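Listed below are the residues making up each chain.
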Amino acid sequence: MYEDAGYNDIRKNLDYHHWNKQDSLILTTMISTFFIWGVVLSIAPLITTWPFIPKYFDEYIILSSPSGLLSGNFLLGYISDRYGRKKLFLLTVFLTSAGLLAIALIKNPYLIILSVFTAEFGLGGDETISLSYLSELIPLKYRGAVLVETSNVANVSIVVMAAIFLFIPDSVYADKLSLLIIAISGFFISLIARLKLKESIRWDYLNKNTEKQRVKINFSNSIKFLSLSFIAITIVVGFAFSSLVLGPFEFPQYSSLIIFGSTLGGTLTGLIGGIYIGKSRRKIVSLLGYTGMFIIWILLLIFIKFVLSNIYILIFMIAVSGIFGELGWASREMLEPENFETLHRGTGIGSVRTVGYFIYIISVFLLVNKSIYFYLYYLLIIYLIGFIGSVLYYKYGRETRKSSVL
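The structure displayed is predicted, hence computed values, not measured ones. (Residues numbered from 1 in each chain as written. Predicted model: local features only at pLDDT ≥ 70, side-chain atom pairs only at ≥ 80, totals over all residues. Heavy atoms only, no water.)

A.B. asks: Please explain the overall build of the protein as it appears in this structure.
C.D. replies: Each helix and strand in the protein was counted, giving 16 helices and 0 strands. Whereas a compact globule of 406 residues would reach a radius of gyration of roughly 22 Å, the protein reaches 20 Å, a difference of no more than 12%. By its C-alpha atoms, the protein is 65 × 45 × 35 Å across when sized along the principal axes. Classification of the 406 residues of the protein by burial places 62% in the buried group. Contacts spanning at least 24 positions in sequence make up 87% of the contacts within the protein whose residues lie at least 6 apart. Entry remark: accessible area of the protein is about 16300 Å², with carbon and sulfur atoms responsible for 69%. (Helix = DSSP H or I, 4+ residues; strand = E, 2+ residues; numbered from the N terminus. Rg over C-alpha atoms; globule rule 2.2 N^0.38 Å. Buried < 20%, exposed > 50% of the residue type's maximum accessible area, 1.4 Å probe, protein only. Contact = heavy atoms within 4.5 Å. Areas by Shrake-Rupley, 256 points an atom, 1.4 Å probe, with all protein chains shown as cover.)

Here's what the structure looks like:
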C-alpha cells in the first residue's frame, strides 16, 4: 500500500519542506480551537458553582462532558477517515461555538447539560481531527513541538477560566460574558482560518489512489492499542478527577482554586519545555511522565493525613503530579497520531480515547458521594494503569520521533 512512488514523494516533501504560510495558518487555527477546548473541558465543573444550578444536577452536568467527548472523538474521527479532515473542521467549530454560546445565554439546567454535550461533542471530534491533520502536514522537524505546544493551549485556557471564576467570585454575569466573548471570537478566528486550509494531502492522495484495508489484528497492533488505551485512561480520568472534578465532588467551596492551582504546574511545564519535549524520544517522555504521576500519588497516600490537613498542601501535591502529567499528556498527543496510518488515523485516535472516556463515565458513578479516601485510592489504580501502559509501550512500542507518518 505504501510502496507507491507518488505517495513516497508526497511524504518526503511534507516531512522536509521549510515552514511556510500554510503551516502558520494551520498553527493559528489549531491554537484557537485548543484554547476553546480547554474552556469547554473546564466549564462543566466550574458552572456547578453557579447559584441557579441545583446541587443534584452537578453529577449530570459533569457527565455531559465525557459523554460528548466520547461520542465526538469516535464518531467524527471515523467520519474524517471516510470523508476528509477539512469538511469536518467546519462542522466541529460550528457545534463547539453553538454549545458555548448556549451556555452563555441560558440558565435552564437541562439545556445547559445539552449545551455542554454539544460543545464537547464538537471539540472531541475536533481534537482527534486536529491531531491527525497536524501530524499529516507539519514538517517532521517541528511536528512534535507543534503537537505538544498546541495541545498545551487547552491547559492554558483551563487556568484562565479557573482564574476568572476564582478572582471574580459570585459573578455569573462575568462568567457568562467571558464565555460569550470566547465563543464568538473563537468561532470567527477558527472559521476564517479553516476556510483557507487545504485538505490533508496525505489523506487526499491515499483516499483517491488506494483501497482502504482493514487493520490487521496481530501482536504489534494489539499491544499498541492496549498501551495507548491504558495511557488514555490515566490522562482522561486521572487529570479530570484530580484537577477538575475533585472540587465539585469533595471540596465544592474550593472548586475554582483546585482547578487553577492543580493545572498551573502542568501548564507552565508545557509552555516552558514543550519544544524540548517535542524533540525528545517519545518512549522516554511517556515512561517518565506516567512513572512520575504514579510515584507522586503513592507519596500522597502514604502521607494522606498530612496532605488532607490543609487544602493548599493537597493542591500542591496535585500540581507536582501535574508536572509529570504534562509529560504524559504530551507523549500521548504525539504517540496517538504518529502510531496510526493515515486512512485509519482518526478512527484509531478516537478509539483509544473512547476507552478513556468510557472509564471516565463509569468513574463518575463510582466516585460520587464516596469518601475522599476511596476517591484518592481509586485514582491510585488509574495512575497504575497508565504506568503499566507506558512500560508496555517502552518495551514493545515503536519510537516515532523521527519517523514519517504512514
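Moving on from the model shown.
A.B. asks: Explanation requested: the pattern of salt bridges in the structure shown.
C.D. replies: Side chains that differ in sign of charge can pair as their charged atoms come close. Summed over the entire model, instances satisfying the criterion amount to 15 salt bridges. For E136, the salt bridge goes to R345, with nearest N and O atoms at 2.7 Å. With E136 in helix α5 (residues 109–137) and R345 in helix α15 (residues 345–367), this residue pair connects regions lying 209 residues apart in the sequence. Accessibility classification places E136 together with R345 in one group, the buried group. (Salt bridge = Lys/Arg side-chain N within 4 Å of Asp/Glu carboxyl O.)

A.B. asks: Looking at this model, I keep getting lost on empty space enclosed by the protein. Mind explaining?
C.D. replies: It is a probe the size of a water molecule, rolled over the atoms, that shows where empty space is left. Under the counting rule described, the total for this entry stands at 3 cavities of 30 Å³ or more. F239, S243, G322, G325 and E326 are, among the 19 residues lining the largest cavity, the residues nearest its centre. Listing elements by their share of the lining of the largest cavity, those giving two or more residues are α9 (219–244), α11 (255–279) and α14 (311–339). Residue composition of the lining of the largest cavity, grouped by class: 6 nonpolar, 12 polar and 1 charged. For the second largest cavity, the calculated volume is near 100 Å³. As for the second largest cavity, its lining consists of W37, L41, L69, I235, V236, F239, A240, W329, R332, Y357 and Y360. Only α2 (21–47), α9, α14 and α15 provide two or more residues apiece to the lining of the second largest cavity. Among the elements that take part in the lining of the second largest cavity, α9 stands out by supplying 4 residues, more than any other. Its residues assigned to classes, the lining of the second largest cavity shows 10 nonpolar, no polar and 1 charged. (1 Å grid on protein atoms, 1.4 Å probe; cavity = no way out; pocket = protein on both sides within 12 Å on 5 of 7 lines; lining within 4 Å. Points joined across faces, edges and corners; volume = space filled by probe spheres on them. Nonpolar A, V, L, I, M, F, W, Y, C, P; charged D, E, K, R; others polar.)

A.B. asks: Please explain the packing of α15 against helix α16 (residues 372–396) as it appears in this structure.
C.D. replies: When two helices pack together, their arrangement is given by the angle between the helix axes and the distance between those axes. Relative to each other, α15 and α16 sit at 155°, their axes nearing to 11 Å. With respect to α16, the element α15 is oriented roughly antiparallel. Crossing of α15 against α16: the hand is right-handed. Here α15 contributes I359, S363, L366 and L367 to the contact with α16, which in turn contributes F374, Y375, Y378 and I382. (Axes fitted to C-alpha atoms, helices over the stretch in contact; angles between N-to-C directions. Parallel < 35°, antiparallel > 145°, perpendicular 65-115°, else oblique. Left-handed = near helix turned anticlockwise from the far one by under 90°.)

By themselves, these observations are geometric and do not establish any function.
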